[in-house]
Amino acid sequence: MNTIFSKKLLAVVISSLLVGFTTNHDAFAQSSDGTGSVTKVSKQDVKEHKDDHGEHGHDKGHKEEKDDHDEHDHEKVNKEGKDEEHEEGITIDPKKMSLANIKVESVKPEYQFSTVYAPGEIKANGYKSYVVSPRTESVIISRHAALGEHVEIGQKLVTLFSEAMAQAQADYLIASTEWQRVKKLGNKTVSESRLLQAETTYNASYGKLIALGLTEKAIDGISNKDIKAFGQYTLIAQREGVVLQDDFIQGQRVDAGDSVMLLADEKQLWVEAKVSPNKKLNLSIDSPAVLKLEGQSYNAKVIQEAHTIDPITRTRIIRLGVDNSDDNLHSGMFVKVYFQFATKQKVMAVPEEALIRSADGDWTVFVEDHPGEFKAVEIELGRALGGFREIIGLDSGTRIVTKGAFFVASEIAKGGFDPHNH
């Protein structure tokens, strides 16, 4: 009986062990959802989940991240490339350059001129001017030329009347008649002394009329047939020129030597530059100078230099000659005189208007690498040479914008970047 009980007990223990082993094995393959319910997860589900999140999900995430990085890098490259293109400069088409009057020239070393400024005044050429004035007290009867009129040699200018002239004309008429009568009689009838006296009186009366301003033609026209014209005489132009002054009215009485008209040849004019007496200028005859008047320039040359000081202005006068064949200059105009002194060596220089200051204060010029393509290049400034400025930092033959640089800078600024590569 004990044996039978022992066998039954052994069988129960073995059965319990087998049930426990099975339960543990199933529990190993189960998961809890936190609520006490148990969900059985198969190996196939685990595999699919791994494929979705481990392989496809992870790879997809990396791929999307990589695409984002590639797109960002591409935009960065494009942006840098665009900025680099902007920094190179700008291209302007020929039509726009023509409308903006942009001028491009090659810069090469040349002899330039430094300048010294002095104020000046246009004067009539004293060596080619003529003052019309009576040689005796007279009354002006009529004029024959007006202010600004161009007159020729021998042309009538003004007619006057003078008592002294009337007396001189009468004396001449008497002396001329007597001289003609005595000459006809000859020395057989008239003594030699009488003949000489008549001739001398005639010559004296003739000379007096010449001294009063009458011409030989006017003297030959005096006769008894025109007694009413006695005392009247006409002054004529002694040289070709322009009437610069005629400060008189008809009926006015003028004294001997008073200026009635001024004639001048304006093809060649004088310029009187007023220079400080302390300023030392190494000038000589024919030294060059440039006159500036209302944006126009005229070449002039030194012809005289005064060695005295003007008592009123306390300056010394340097006289220059200027050609006025185009008749743009007139006596009384004020001009700016720039005496020029050539450099000893050739220098690189550009017009002042070709210079543009950058944002950081540096001076630049616009260089043309290819037709119509411009970029700003920094340079250093040297001496002021009249309307030009010496520059340092460019190679000989470089083509730059010499006119219209401001327009080029404006066009570059419209692109939204610094035109000076900053």
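Structural data are supplied above this passage.
Residues numbered from 1 in each chain as written. Predicted model: local features only at pLDDT ≥ 70, side-chain atom pairs only at ≥ 80, totals over all residues. Heavy atoms only, no water.

**Student:** Break down the sheet that holds strand β10 (residues 232–236) for me, with residues and values.
**Tutor:** Ordered by their spatial adjacency, four strands build an open sheet running β10-β9-β7-β12, and the pairing between neighbours is antiparallel. A single partner strand is all that each edge strand has here, and the edge strands are β10 and β12 (253–254). Of the pairings in the sheet, the one linking strand β7 (residues 138–143) to strand β9 (residues 156–161) comprises four bridges and is antiparallel in character. Across the sheet, residue Arg-143 finds its bridge partner in β9, namely Val-158. (Pairing = 2+ DSSP bridges. Helix = DSSP H or I, 4+ residues; strand = E, 2+ residues; numbered from the N terminus.)

**Student:** Residues and numbers for the sheet that holds strand β13 (residues 261–264), please.
**Tutor:** In space, the four strands of this open sheet follow the order β6-β13-β11-β8, with antiparallel pairing throughout. Every interior strand has two partners, whereas the edge strands, β6 (129–132) and β8 (150–151), have only one.

**Student:** Tell me what's going on with the packing of aromatic side chains, and back it up with residues and numbers.
**Tutor:** Tallied over the full model, the rule gives five aromatic pairs. Here Tyr-172 and Tyr-202 contribute two aromatic rings whose centre-to-centre distance is 5.7 Å and whose plane-to-plane angle is 35°, an arrangement assigned as tilted. Here the residue Tyr-172 occupies a position in helix α4 (residues 163–185), and Tyr-202 occupies one in helix α5 (residues 192–211), the gap between them amounting to 30 residues. Grouping residues by exposure puts Tyr-172 and Tyr-202 together as buried. Following the ring pairs from residue to residue traces out a cluster consisting of Tyr-172, Tyr-202 and Tyr-206. Geometry around Phe-248 places Arg-143 over its ring, the cationic atom sitting 4.1 Å from the centre. (Phe/Tyr/Trp six-rings, centres within 6.5 Å; stacked < 30°, edge-to-face > 60°. Buried < 20%, exposed > 50% of the residue type's maximum accessible area, 1.4 Å probe, protein only. Lys NZ or Arg CZ within 6 Å of the ring centre and 35° of its normal.)

**Student:** Which residues make up the packing of α4 against α5, and what are the values?
**Tutor:** Taken N-terminus to C-terminus, the directions of α4 and α5 make an angle of 150°; their axes are 8 Å apart at the nearest point. Considering their axes alone, α4 and α5 lie roughly antiparallel with respect to each other. Judged by the sense of rotation from one axis to the other, the crossing of α4 with α5 is left-handed. Seen from α4, the contacting residues are Met-165, Ala-168, Gln-169, Asp-171, Tyr-172, Ala-175, Ser-176, Glu-178, Trp-179, Arg-181, Val-182 and Lys-183; seen from α5, they are Arg-194, Leu-195, Ala-198, Glu-199, Thr-201, Tyr-202, Ser-205, Tyr-206, Lys-208 and Leu-209. Its residues placed into classes, the contact of α4 with α5 shows eleven nonpolar, four polar and seven charged. (Axes fitted to C-alpha atoms, helices over the stretch in contact; angles between N-to-C directions. Parallel < 35°, antiparallel > 145°, perpendicular 65-115°, else oblique. Left-handed = near helix turned anticlockwise from the far one by under 90°. Contact = heavy atoms within 4.5 Å. Nonpolar A, V, L, I, M, F, W, Y, C, P; charged D, E, K, R; others polar.)

**Student:** Which residues make up the pattern of salt bridges, and what values go with them?
**Tutor:** Tallied over the full model, the rule gives twelve salt bridges. In this structure, Glu-121 engages Lys-123 in a salt bridge whose closest nitrogen and oxygen atoms are separated by 3.7 Å. Take Glu-121: its relative accessible area is 18%, and that puts it in the buried class. A relative accessible area of 28% means that Lys-123 is categorised as partly exposed. For Glu-178, the salt bridge identified is with Arg-181, shortest N-O distance 2.8 Å. Placement of both Glu-178 and Arg-181 in helix α4 is noted, with a separation of three residues, approximately one turn of the helix. What emerges from the salt-bridge pattern is a single network uniting Glu-178, Arg-181 and Arg-194. (Salt bridge = Lys/Arg side-chain N within 4 Å of Asp/Glu carboxyl O.)

**Student:** An account of the pairing of strand β22 (residues 373–385) is needed here, citing residue identities and associated values.
**Tutor:** Note that strand β3 (residues 90–91) and β22 share two bridges and pair antiparallel. For Thr-91, the partnering residue across the bridge sits in β22 and is Glu-373. Sheet topology places strand β21 (residues 363–370) next to β22; seven bridges connect them, and they run antiparallel. If you follow Glu-368 over to β22, its bridge partner there is Phe-374. Between β21 and β22, which pair antiparallel and follow one another directly, the connecting turn spans two residues, one of which, Gly-372, has a positive phi of 85°. In the sheet, β22 pairs with strand β23 (residues 388–392) via four bridges, with the strands oriented antiparallel. Bridged to Ala-384 within β23 is Arg-389.

**Student:** I'd love a proper account of the nonpolar core, names of residues and values included.
**Tutor:** Leu-157, Val-158, Leu-209 and Met-261 are the most contacted members of the largest nonpolar core, which has 32 residues in total. Elements with a contribution of two residues or more to this core: β9, α4, α5, β10 and β13. When residues in this core are grouped by element, the largest group, seven residues, is from α4. With sequence-adjacent residues up to four places away left out, Leu-209 is seen in contact with Met-165, Ala-168, Gln-169, Tyr-172, Leu-214, Ile-219 and Ile-222. (Core = buried A, V, L, I, M, F, W, Y, C linked by side-chain atoms within 4.5 Å.)

**Student:** Tell me what's going on with the environment of Glu-163, and back it up with residues and numbers.
**Tutor:** Looking at where Glu-163 falls in the secondary structure, it is placed in helix α4. According to the relative accessible area criterion, Glu-163 is partly exposed, its value standing at 47%. When the C-alpha positions of Glu-163 and Thr-136 are compared, they lie 9.1 Å apart, and in sequence the two are 27 residues distant.

**Student:** Explain the pairing of strand β16 (residues 296–305) residue by residue, including any values.
**Tutor:** As defined by bridge partners, strand β15 (residues 288–293) adjoins β16 across six bridges and the pair is classed as antiparallel. In the sheet register, Leu-293 faces β16, and the bridge partner there is Gln-296. Sheet topology places β16 next to strand β17 (residues 316–323); five bridges connect them, and they run antiparallel. For Gln-304, the partnering residue across the bridge sits in β17 and is Arg-319.

Coordinates in, geometry out; function isn't part of it.
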